[in-house]
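Here are the chains, one letter per residue:
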Amino acid sequence: MNAPASFSRKTVSLPIEGMTCASCVGRVERALRGVAGVLDASVNLASERAEVRLAGAADRAGLIRAVEDAGYTVSAATVELAIEGMTCASCVGRVERALRAVPGVTGASVNLATERATVKGSADAATLIAAVADVGYEARPVDRSGAANAETEAQKAEERRVLSRDLAIAAGLTLPVFALEMGSHVIPGMHHLIASTIGMGTSWLIQFALTTLVLAVPGFRFYRKGIPALLRAAPDMNSLVAVGTLAAYAYSLVATFAPGLLPAGTVNVYYEAAAVIVTLILLGRVLEARAKGRTSEAIKRLVGLQARTARVRRGATVSEIEVADVAPGDIVEVRPGERVPVDGEVVEGESWIDESMITGEPIPVAKSAGATVTGGTVNQTGAFAFRATAVGGDTMLAQIIRMVEEAQGAKLPIQGLVDRITMWFVPAVMTLAALTFGVWFFFGPDPALTFGLVNAVAVLIIACPCAMGLATPTSIMVGTGRGAELGVLFRKGDALQGLQEARVVALDKTGTLTMGKPTLTDLVLSDGFNRAEVLSRIAAVEAKSEHPIARAIVEAAGAEGLALPPLALFESVTGFGVNAEAGGVRVEIGADRYMAKLGHDVSAFAATAARLADEGKSPLYAAIGGHTAAIIAVADPIKETTPEAIRALHGLGLKVAMITGDNRRTAEAIARRLGIDEVVAEVLPDGKVAAIRRLKALGPVAFVGDGINDAPALAEADVGLAIGTGTDVAIEAADVVLMSGSLKGVPNAIALSRATMRNIRQNLFWAFAYNAALIPVAAGALWPVSGILLSPVFAAGAMALSSVFVLGNALRLRRVRAPMHDTARAAH
């Protein structure tokens, strides 16, 4: 049933795009006031919102049309709703169809495992909630505050408690029913014992009383939801259980109180089937609820990393306040062993901080004045103070939680097939059950009515599509959660599916394969010269230069704690090099042609120069006091983890390419050292995009980059992976974010993607194969050849176990070992 096109509400808020001045405001207000049912409209240019006051019923679509006719647009927003009452894949399809039918909705995705709906468009939450209610479910807006998260967890815990209580009641009432009925069939002499003591009539009355209690108390949930859904011609899993158990119960009622209405030889009771079915399905629900709780543990752990309080300096006092009350610019103090409450920049003190929850790196990172710190990370040894730069929902941890939640709620392309099948699955099952009853009733052996009833009930119960609905989302939840623990954030859920299909991994060089800034890599001395003296004199001269190579040399001298001698007579010789007097000694620095021009012999360094050239480095020479003193090389060094990461990618059967704007000689030298298969060098940002398009001829391409110039290539690739230490622009353009600054996250992400998709395929195979195999058995297909029938009791047990199997299989992803697990943080 579709949501109504109109609604009743006092005010409606619309986000308006395209307004630039006061006349735009007036135009939008006049357009809205012209819509029937509108009392008044007020438009705010600063917030770009229109508040519309209504007389009663008004058509939201009409309001949107009025704004668009005036030349402006109502911007699409994303609304997240928590959905209650969904039990299977057909419920998901029903809620999605209801949401998509609401005027203004451009897209809706519902996830059974997270019990959430993500709706895009201009429809407001109240209209969406009404649409969900019309198809028999409850919805409420998702509140991302910590209090709301705690409340949601408390509600789920209460639901699990109620389910467990109802299971205990059902089991206690069902056990005597099962013993009285099945015991008389299974245990020799028990039938005679019952008949000679209480009598079969009394036995049936006891079974009637106990079964009635089972159906009316713990089992009532199935009828409360299943019967209305059936009457709306939109049956779900509850409908299957309701029809199956009521059929067995009603037949038993007639056999107990009006046996003359049944044909001779068909007077039997099936109270135990109805009671046991309810008990077993409740058992499945309890196990499912517990397993579902474990699938979201990654999010719970991330939320648990948030500090609750912070020590803030305000004026002359330091006070402990709630983290929510920390404002940007506040000076926050952190003691040893405490969690950093929000993001910021160190202003005093120094310490080591465990950032493993962000990067997956187990080694603490040194922090001193000017360093950035991240909320949720753990201070180790020292005390320090920092200035808060990001608080609340703007902190990195809050953004990580948001990314993981969005990825967990996403639908993969493979889920589309499941949705199309399950849309028709429950009605098809009910049709099959009716056909089963008809075939057995008209063509089966005596007692035909009994055979028809039992087999129809078995078909209804065995075919419940719970496992189908859970197969994909539970694996996504656990897989993306495990990724977060390894420092791999899937910003988009479909990246999970796309990444496992990748055949080529293309890598940016600077900042991805390498450290991203020039560093002194080689300083080879002539005989008779001292390293500290040579480096300090060279650095003193280069300190006058603005060239990046010069800065690298100065930084190297600073890192070694060298004092620079005084400088005089500095001269830069364009195209050759520089010279000056450092500490009263003449120092000349430049390429080999500069040394030749000055008459200095560099032949002693020929072997070193050849080696540096092979490594793609351009050597410089230094002459001190008229003698050749050293050969120097400055380069962007390869990250320590890069060679191992490349080997891991090759181990996964992937072709590795490098795309860089650097010169071809340097790029090819690096490629030789790392074993990279293909090199694309000397390209601009648009050239990177063209290169990726060419590489796509070899198969789906994953591109890894970190800079602003990588954003177009990240967007062009089938899957874009951004190094988390890179720019915000690159991260926003990527599908996957690697929180550590190393390439190790790439093979980890690909391996996790493959493991998750393999897990999803296993789940879907189990869910579909189980139904395909057991529906015919439940219908009695084996009876003609073997005399085997599937009891509704066993059907209920098998149905419950199928969901538990799917959830248990998904939970195995929590133990996935990444290819570079030795440097990744273990799950905890």
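Residues numbered from 1 in each chain as written. Predicted model: local features only at pLDDT ≥ 70, side-chain atom pairs only at ≥ 80, totals over all residues. Heavy atoms only, no water.

K.L.:
Mind laying out the overall build of the protein, listing which residues take part and the relevant values?
P.N.:
When you go through the protein residue by residue, the secondary structure sums to 30 helices and 32 strands. Across the 828 residues in the protein, those meeting the buried criterion constitute 53%. About 34900 Å² of surface is accessible on the protein, with carbon and sulfur atoms providing 59% of the total. (Helix = DSSP H or I, 4+ residues; strand = E, 2+ residues; numbered from the N terminus. Buried < 20%, exposed > 50% of the residue type's maximum accessible area, 1.4 Å probe, protein only. Areas by Shrake-Rupley, 256 points an atom, 1.4 Å probe, with all protein chains shown as cover.)

K.L.:
Hey, could you go over the sheet that holds strand β3 (residues 38–44) for me, with residue numbers and the actual values?
P.N.:
Within the open sheet, the four strands sit side by side as β3-β4-β2-β6. Their pairing is antiparallel. Of all the strands in the sheet, just β3 and β6 (73–74) have a single pairing partner and so form its edges. For strand β2 (residues 11–17) and strand β4 (residues 49–54), the ladder comprises five bridges, and the chain directions are antiparallel. What sits directly across from P15, in β4, is R49. Of the strands in this sheet, β2, β3 and β4 touch helix α1 (residues 22–33), which is tilted by about 160° from β3. (Pairing = 2+ DSSP bridges. Contact = heavy atoms within 4.5 Å. Axes fitted to C-alpha atoms, helices over the stretch in contact; angles between N-to-C directions.)

K.L.:
Mind laying out the sheet that holds strand β7 (residues 77–84), listing which residues take part and the relevant values?
P.N.:
If you trace the four strands from one edge of the open sheet to the other, you get β8-β9-β7-β10, paired in antiparallel fashion. Edge positions in the sheet fall to β8 (105–111) and β10 (138–141), since each has one partner strand and no second. Pairwise comparison of adjacent strand axes, ignoring direction, gives a mean angle of 25° for this sheet. Sheet topology places β7 next to β10; four bridges connect them, and they run antiparallel.

K.L.:
Account for the pairing of strand β21 (residues 504–508), naming residues and giving values.
P.N.:
Two faces, one strand: in a regular strand the side chains alternate between the faces of the sheet. Taking burial as the measure, the five residues of β21 include five buried ones, the bulk of the element. Burial of β21 is two-sided: the residues V504, A506 and D508 facing one way and the residues V505 and L507 facing the other way are all buried. In the sheet, β21 pairs with strand β28 (residues 655–659) via five bridges, with the strands oriented parallel. Among the inter-strand pairings, L507 is bridged to a residue of β28, identified as M658.

K.L.:
Give a detailed account of the nonpolar core, specifying residues and quantitative values.
P.N.:
Counting residues in hydrophobic clusters, the biggest one holds 47 residues, and the most contacted among them are V704, L721 and L738. Per-element accounting of this core gives the leading share, eight residues, to helix α28 (residues 745–779). For L721, the residues in contact, after removing those within four places along its chain, are L499, A702, F703, V704, G705, L714, A734, V736, L738 and A749. Core analysis: the second largest hydrophobic core is formed by 34 residues, A170, V214, V457 and I461 among them. (Core = buried A, V, L, I, M, F, W, Y, C linked by side-chain atoms within 4.5 Å.)

K.L.:
I'd like a rundown of the packing of helix α15 (residues 448–462) against α28, residues and numbers included.
P.N.:
Running from amino to carboxyl end, α15 crosses α28 at an angle of 170°, the nearest separation of the two axes being 8 Å. Regarding the angle of α15 to α28, the classification is roughly antiparallel. As for how α15 packs across α28, the hand of that crossing is right-handed. Seen from α15, the contacting residues are N455, A458, V459 and I462; seen from α28, they are Y770, N771, L774, I775, A778 and A779. (Parallel < 35°, antiparallel > 145°, perpendicular 65-115°, else oblique. Left-handed = near helix turned anticlockwise from the far one by under 90°.)

K.L.:
Account for α1, naming residues and giving values.
P.N.:
Here α1 contains twelve residues, and its C-alpha end-to-end distance of 17 Å stays within 8% of the 16 Å for a straight helix at 1.5 Å per residue. Within α1, the full set of buried residues consists of C24, V25, G26, V28, E29 and L32. Where α1 is buried, its residues contact β2, β3, β4 and α2 (60–69). (Expected span 1.5 Å × (residues − 1).)

K.L.:
Please set out the pairing of strand β25 (residues 585–590) residue by residue, giving values where relevant.
P.N.:
Where strand β24 (residues 577–582) and β25 come together, six bridges link them in antiparallel fashion. Paired with N579 across the strands is E588, a residue of β25. Between β24 and β25, which pair antiparallel and follow one another directly, the connecting turn spans two residues, one of which, G583, has a positive phi of 65°. Across four bridges, the pairing between β25 and strand β26 (residues 619–624) is antiparallel. Counterpart to V587 in the pairing with β26 is I624.

K.L.:
An account of the pattern of salt bridges is needed here, citing residue identities and associated values.
P.N.:
Any two side chains of opposite charge can pair if their charged atoms end up close together. In total, this model carries 16 salt bridges according to the counting rule given. In this structure, R116 and E80 form a salt bridge, with 3.8 Å as the shortest nitrogen-oxygen distance. Of the two residues, R116 sits in strand β9 (residues 116–121) while E80 sits in strand β7, which places them 36 residues apart along the sequence. A residue is classified by how much of its surface remains accessible, and R116, at 21% relative accessible area, is partly exposed. The partner of E84 in a salt bridge is R140, and the shortest N-O contact between them spans 2.6 Å. One end of the pair, E84, is in strand β7; the other, R140, is in strand β10, with 56 residues separating them in the sequence. For E84, a relative accessible area of 29% corresponds to the partly exposed category. Here R140 falls in the partly exposed class, since its relative accessible area comes to 27%. Salt bridges linked by common partners bring E29, R33 and D40 together as one network. (Salt bridge = Lys/Arg side-chain N within 4 Å of Asp/Glu carboxyl O.)

K.L.:
Let's hear about unusual backbone geometry: which residues, and what values?
P.N.:
Cis geometry marks the peptide bond from D446 to P447, where omega comes out at -5°. Secondary-structure assignment places P447 in the loop between α14 (413–443) and α15. Residue L569 is not a glycine yet carries a positive backbone phi of 55°. With respect to the helices and strands, L569 occurs in strand β23 (residues 567–573). L569 sits in the exposed class, given a relative accessible area of 59%.

K.L.:
Describe the packing of aromatic side chains, listing the residues and the values that go with them.
P.N.:
Considering all chains together, one arrives at ten aromatic pairs under this definition. On the basis of an interplanar angle of 80° and a centroid distance of 5.1 Å, the ring pair of F208 and F257 is categorised as edge-to-face. You can see F208 sitting in helix α7 (residues 200–216) and its partner F257 sitting in helix α9 (residues 237–257), a full 49 residues away along the chain. For F208, a relative accessible area of 24% corresponds to the partly exposed category. (Phe/Tyr/Trp six-rings, centres within 6.5 Å; stacked < 30°, edge-to-face > 60°.)

K.L.:
How would you sum up the UniProt feature "transmembrane region" (unreviewed entry) in the protein? Please name residues and give values.
P.N.:
Annotation from UniProt places "transmembrane region" (unreviewed entry) at residues 167–187, 193–220, 240–262, 268–287, 421–443, 449–472, 764–783 and 789–811. From the first C-alpha to the last, residues 764–783 spans 28 Å; its make-up is 85% helix and 0% strand. (UniProt positions renumbered as here; feature names shortened; annotations may be inferred.)

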